[in-house]
Amino acid sequence: MQPKTFQKIDRFARDLPAEVHATVYDGSKSTSEKRYDVLWRDFPETADVLRETAGQIKQHTLEHLDQYLEQAEKSLTANGAQVHFAGDGDRANQIALELMQKHGAKKLVKSKSMVTEETHLVPFLEKNGIECVETDLGEFIVQIDNDHPSHIVKPIMHKNRRQIARSFEREGLGAYNDDPETITRRARVHLRKKYFEADVAVTGANFVSAESGRIVLVTNEGNARFCMAATKLHIAIVGIEKLVPRDKDLGLFLNLIGRSGTGQQLTVYTQFIAGPKRAEQPDGPEEMHVIFVDNKRTDVLASECREILRCIRCGACLNVCPVYRQASGHAYRSVYPGPVGAVLSPLLAADKFPELADLPKASSLCGACNEVCPVNIPIPDLLLRLRDKGKREGAKNAAAGTPPMGMYAMMASQPSAWKAAMKIGYAVNVTPQAMMNVVPAAQAWTSVRQLPKWRGGKFRDWMKKKESE
Amino acid sequence: MQTAMSDDRTQIFSRIKTALAPLPQRAALPNYARELPICRAHPEFSELWELFSHKAKQVNGTPLVGLATLGSWLHEKKQTHGYCDRALAERLRAMPEFEGITLETEFDRGRFDDFAFGITLAAGVIAETGSLILKDESTSARLGALAPWTHAAIVDPATIYPDTVTALENLGSDPSVIWATGPSKTADVEGILIEGVHGPGVQIVCLDA
Ligand code: SF4
């Protein structure tokens, strides 16, 4: 029998097919180990100084965001880019659509961007007659499967090669073949045509330098570079928190993001984009647009969890998290999974916060996420603040799986009740476990835990004896 | 659209200001040493090119010295038809090692599969990371450096930057600066490393010594 008070995420973990669990567990564990080895091999004495400094730079930027956003707008404009602002996801999608319609664009190629997952850009554009193709291999597979990414860096961490081979076969990309090299070559051939047919490239941005207006994009596959070589119109959709003050600061972030995300010293393609292509250059966008998106980020900035906006989406906290490894990304029921998602998703949900109020509880507070975070976000502290918020706002999900503490509070504040309870406690030693499981609130705990033998009340006796000695 | 957008702009800025107003103080921008992000955990080399080669090989890049070596490499791999930057083509065609190799100086996107290789001019390399630097100003065609299976970037020995910090200080005013560190790759399928996803499967950096 499953206890009624199981948390939602426990159910996801329980129902995760063994095959998926193994894939996610191995993938996240090996990436995490690689991260550790590479970061500490390369910066044996200063790895933590790098993380802390990067965190301070981001915190400073956030706490002066109005200033830096205005500076970025000026620099981008000076570079020849056109800057737009979108208060929410719908506005961002609408602006992108209008730009495409103005150019008569019918086909777009897209590189990975988490903010467009938030705004549901692709379904929106498809409904409006634009063909959209995700070009990151993982995102492409997510797209043909009508699935959702389960990881912010490795979107198909939950799929194995056999599932992918079946999807390729179904999509007419060749007879069943689950060799990863064959899968990759087939995607190369298929997507190549898409790049050359496309009119517009949509990207995100990993960083935006306020000083120079440079947009920095990092990929390993070179897909963002291909988008920017084959098309004539570039639209970058960017969360307002992506800013860094100066080009110089990029040195820290670029050296951290590759090592933290995938254990690489640098990602393969690091692009610094400062406006449309040069006139003499035959390839690439003649027009560049940047859409800065708020979509509840200013609410997060106003909250006591604003530190989460430092996040550079490296995925290290997911890979190291014991809960993520058991439950996989879909268990978080939102765009951002793992420890970062347990903080960010309920906050971005705004009015729907109660629905996700259980996520901050999906953590043992072991602190590993904080230790690996390249911008040193105190995720466990933020989780505690959100648990508190959930309780204060009376969100039902925030209490799931927690035995009520009212009885305990009464006893702990009245000495006579406490003494009596200590005596009664011995009854537990002779009560069969099955009988205790009748109490639903106790079930969540006792069904998966063995109670130790009751030995309560001894401390007072010992103390009395000590005093009389 | 214009008015709606400027409304969004005004709103975002005022929301940011309101969010930050209650903070008793604002975090300062930290001062940190210029050298902080530079990785020194590698063997000592007397020449920057040596360090570059060491690092490039770690990411499966292919460092070569001399244009003649590049010609021989292409023959060895039977890659005899490709794209070449106009500024280099004449020089290469005159070399015996390039005999029998066809160099086209336009990248025709209608025949993108015809080009086995692309030869372009690098704007420099970064020794610390084994990266090559491409800029719009020096790269004759973005696609020529990206679409063919083999990309060979020719680098002038005067443009070897020691580290990422120095390379960042030299971004200049180019609208498109790319650092490419080894061949294009993915580990999306079960974490298995496969090279040549969208971009080159072979990334050659050839020192024009
Ligand atoms: S919270 Fe930190 S570790 Fe997690 S994805 Fe963001 S930057 Fe990476």
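Residues numbered from 1 in each chain as written. Chains lettered and ligands numbered in written order. Predicted model: local features only at pLDDT ≥ 70, side-chain atom pairs only at ≥ 80, totals over all residues. Heavy atoms only, no water.

Under an unreviewed UniProt entry, the name given to chain B is LUD domain-containing protein, and the source organism is Cerasicoccus arenae.

By the naming in an unreviewed UniProt entry, chain A goes by Lactate utilization protein B and is assigned to Cerasicoccus arenae.

### Things to note about the interface of chain A and chain B
Taken together, the contact pairs 98 residues of chain A with 74 residues of chain B. Taken together, the two surfaces of chain A and chain B that pack against each other cover about 7,500 Å², and 59% of this comes from carbon and sulfur. Linking chain A with chain B are five salt bridges, by the criterion used here. Residue classes in the side of chain A that touches chain B are distributed as 42 nonpolar, 26 polar and 30 charged. In this sheet, strand β9 (residues 176–180) of chain B lies alongside strand β9 (residues 269–273) of chain A in antiparallel orientation, the contact comprising five bridges. Across the sheet, the residue bridging to A:Ile273 is B:Ser176, located in β9(B). (Contact = heavy atoms within 4.5 Å. Buried area = accessible area lost by both parts, 1.4 Å probe. Salt bridge = Lys/Arg side-chain N within 4 Å of Asp/Glu carboxyl O. Nonpolar A, V, L, I, M, F, W, Y, C, P; charged D, E, K, R; others polar. Pairing = 2+ DSSP bridges. Helix = DSSP H or I, 4+ residues; strand = E, 2+ residues; numbered from the N terminus.)

### Focus: the nonpolar core
Counting residues in hydrophobic clusters, the biggest one holds 107 residues, and the most contacted among them are A:Ile215, A:Phe292 and B:Trp179. Mapping this core onto the domain boundaries places at least three of its residues in each of domain 1 (8–30 + 314–399) and domain 2 (59–295) of chain A. Ranked by size, the runner-up nonpolar core spans 50 residues in total, among them B:Ala56, B:Phe107, B:Val125 and B:Ala141. (Core = buried A, V, L, I, M, F, W, Y, C linked by side-chain atoms within 4.5 Å. Buried < 20%, exposed > 50% of the residue type's maximum accessible area, 1.4 Å probe, protein only. Domains from an automatic or database assignment.)

### Some details on the pattern of salt bridges
Residue and element names in this part refer to chain A. Using the criterion set out here, one finds 40 salt bridges over all chains in the structure. Of the charged contacts in the structure, one is a salt bridge between Glu307 and Arg385, with a shortest N-O distance of 3.8 Å. Highlighted residues: Glu307 in the loop between α13 (297–302) and α14 (316–320) and Arg385 in helix α18 (residues 379–392), separated in sequence by 78 residues.

### Some points on a positive patch on the surface
Residue and element names in this part refer to chain A. Residues Lys419, Lys423, Arg460 and Lys464 make up a contiguous surface patch of positive charge. For the positive patch, the secondary structure elements donating two or more residues are α21 (415–425) and α25 (458–468). Within the secondary structure, Lys419 sits in helix α21. (Patch = residues over 30% accessible without salt bridge, like charges linked within 9 Å, V, L, I, M, F, W, Y side chains within 5 Å. Areas by Shrake-Rupley, 256 points an atom, 1.4 Å probe, with all protein chains shown as cover. Lys, Arg positive; Asp, Glu negative; His and termini not counted. Charge placed at Lys NZ, Arg CZ, Asp CG, Glu CD.)

### Focus on the site of the ligand
Around the ligand lies a shell of 13 residues, among which A:Cys311, A:Cys314, A:Gly315, A:Cys317 and A:Cys373 are the nearest. Looking at the shell around the ligand residue by residue, the class counts come to 11 nonpolar, one polar and one charged. (Near = heavy atom within 4 Å.)

### Observations concerning the packing of helix α8 (residues 137–144) of chain A against helix α9 (residues 161–170) of chain A
Residue and element names in this part refer to chain A. Two elements in contact, α8 and α9, have axes separated by 10 Å at closest approach and are oriented at 65°. For the element pair α8 and α9, the recorded crossing hand is left-handed. Contacts between α8 and α9 pair Phe140, Ile141 and Ile144 from the former with Ile164, Ser167, Phe168 and Arg170 from the latter. Tallied by class, the residues present in the contact of α8 with α9 amount to five nonpolar, one polar and one charged. (Axes fitted to C-alpha atoms, helices over the stretch in contact; angles between N-to-C directions. Left-handed = near helix turned anticlockwise from the far one by under 90°.)

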